[in-house]
Amino acid sequence: MSIEIEIVTGDASWPSVKPLFDLVWPREAVEKLPWGHVVFAYPELRVIVEDDGQPVCHVGLYRREGIWKDRKTRIGGIGGVVTHPDYRRRGLASLALTAALHTLKDERATDFALLFCEPHNLDFYTHRNWKPFIGEVYAEQHGERVRFDVMTPLVSYLKRAPHEGEMDLCGLPW
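Residues numbered from 1 in each chain as written. Predicted model: local features only at pLDDT ≥ 70, side-chain atom pairs only at ≥ 80, totals over all residues. Heavy atoms only, no water.

1. Comments concerning the overall build of the chain
Part 1 of the reasoning: A count of helices and strands for the chain gives four helices and 10 strands.
Part 2 of the reasoning: In terms of overall size, the chain behaves like a compact globule, its C-alpha atoms giving a radius of gyration of 16 Å where 174 residues would be expected to give roughly 16 Å.
Part 3 of the reasoning: Judged by the C-alpha coordinates and their principal axes, the chain covers about 50 × 35 × 30 Å.
Part 4 of the reasoning: Burial status across the chain gives 46% buried among its 174 residues.
Part 5 of the reasoning: The long-range share in the chain, meaning contacts at least 24 apart out of those at least 6 apart in sequence, stands at 73%.
Part 6 of the reasoning: Carbon and sulfur atoms make up 49% of the accessible area of the chain, which amounts to about 9,300 Å² in all.
Part 7 of the reasoning: Distance from the positive charge centre (21 side chains) to the negative charge centre (25 side chains) of the chain: 5 Å. (Helix = DSSP H or I, 4+ residues; strand = E, 2+ residues; numbered from the N terminus. Rg over C-alpha atoms; globule rule 2.2 N^0.38 Å. Buried < 20%, exposed > 50% of the residue type's maximum accessible area, 1.4 Å probe, protein only. Contact = heavy atoms within 4.5 Å. Areas by Shrake-Rupley, 256 points an atom, 1.4 Å probe, with all protein chains shown as cover. Lys, Arg positive; Asp, Glu negative; His and termini not counted. Charge placed at Lys NZ, Arg CZ, Asp CG, Glu CD.)

2. Quick notes on the packing of aromatic side chains
Part 1 of the reasoning: Within this structure, the stated rule accounts for 10 aromatic pairs.
Part 2 of the reasoning: With a centroid separation of 6.3 Å and 80° between ring planes, the pair formed by Tyr-125 and Trp-130 is classed as edge-to-face.
Part 3 of the reasoning: Trp-130 sits in the buried class, given a relative accessible area of 1%.
Part 4 of the reasoning: Put simply, the rings of Trp-14, Phe-21, Trp-25, Trp-35 and Phe-40 touch in pairs and so form one group of aromatic residues.
Part 5 of the reasoning: Sitting over the face of the ring of Tyr-138, Arg-145 holds its NZ or CZ atom 4.0 Å from the ring centroid. (Phe/Tyr/Trp six-rings, centres within 6.5 Å; stacked < 30°, edge-to-face > 60°. Lys NZ or Arg CZ within 6 Å of the ring centre and 35° of its normal.)

3. Looking at the pattern of salt bridges
Part 1 of the reasoning: Enumeration according to the criterion identifies eight salt bridges in this entry.
Part 2 of the reasoning: Here Glu-44 and Arg-63 are joined by a salt bridge, their closest N and O atoms 2.8 Å apart. Highlighted residues: Glu-44 in the loop between helix H2 (27–30) and strand S2 (45–51) and Arg-63 in strand S3 (residues 54–68), separated in sequence by 19 residues.
Part 3 of the reasoning: With its nearest N and O atoms 2.6 Å apart, the salt bridge here joins Glu-107 to Arg-63. With Glu-107 in helix H3 (residues 92–107) and Arg-63 in strand S3, the pair connects residues that are 44 residues apart, well separated along the chain.
Part 4 of the reasoning: Assessed through its relative accessible area of 32%, Glu-107 is described here as partly exposed.
Part 5 of the reasoning: Under the relative-accessibility criterion, Arg-63 is labelled partly exposed at 26%.
Part 6 of the reasoning: Among the charged side chains, a network of salt bridges with common partners joins Glu-44, Arg-63 and Glu-107. (Salt bridge = Lys/Arg side-chain N within 4 Å of Asp/Glu carboxyl O.)

4. Digging into a nonpolar patch on the surface
Part 1 of the reasoning: On the surface, a cluster of nonpolar side chains totalling about 220 Å² of accessible area is made up of Ile-3, Ile-5 and Leu-95.
Part 2 of the reasoning: Structurally, Leu-95 can be placed in helix H3.
Part 3 of the reasoning: What makes Leu-95 partly exposed here is its relative accessible area of 39%. (Patch = residues over 30% accessible without salt bridge, like charges linked within 9 Å, V, L, I, M, F, W, Y side chains within 5 Å.)

5. Section: the nonpolar core
Burial of nonpolar side chains together is a common tendency in soluble globular proteins.
Part 1 of the reasoning: Residues Val-47, Leu-61, Ile-78, Leu-115, Tyr-125 and Trp-130 are the most contacted members of the largest nonpolar core, which totals 23 residues.
Part 2 of the reasoning: Of all the elements in the fold, those that place two or more residues in this core are S2, S3, H3 and strand S5 (112–117).
Part 3 of the reasoning: The leading source of residues in this core is H3, at eight residues.
Part 4 of the reasoning: One finds Ile-75, Leu-114, Phe-133 and Ala-139 within the second-largest nonpolar core, a separate group that totals 19 residues. (Core = buried A, V, L, I, M, F, W, Y, C linked by side-chain atoms within 4.5 Å.)

6. As for the pairing of strand S8 (residues 144–147)
The side chains of a regular strand alternate between both faces of the sheet.
Part 1 of the reasoning: Two strands pair when backbone bridges link them, and strand S7 (residues 136–141) and S8 are joined in this way by four bridges, in the antiparallel orientation. For Tyr-138, the partnering residue across the bridge sits in S8 and is Arg-147.
Part 2 of the reasoning: The hairpin formed by S7 and S8 contains two residues between the paired strands, and His-142 there has a positive phi angle of roughly 55°. (Pairing = 2+ DSSP bridges.)

Written out as structure tokens, the structure is:
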């Protein structure tokens, strides 16, 4: 196994990771999920873990100016965390997630990181120091501002430690 980690531009790298997404989240399975109808934003950057040149793990990075407690704030979004089934439980998602957070920290322009996860993934993130956001999150869907509650929001503290209140993503969720 020859593992490499790259941080690449979101749109340009989509063709290389699309087969991984299709494998992990096939369309017919996604349509049955509570979030299967959600329109998501495209990542600005991608952390891609490769084995022998093939993507086996992915984390999307999003940067957004949102609103938390009626104040503008810079949110670093984490989304699209996928790992090839044959490569799970090897620490690759943790490695990619750490690289994504380091990227946000190194930029020094982000107040906190935010991700949304399904109930079966909560332990994975909370064991990596992500904290529940117990307030209300709003996002855009089909041109309207809606409460986004189909997945659990978790935060990783960078400069701020939001854990409650009202948050508006001011755009599509990730």
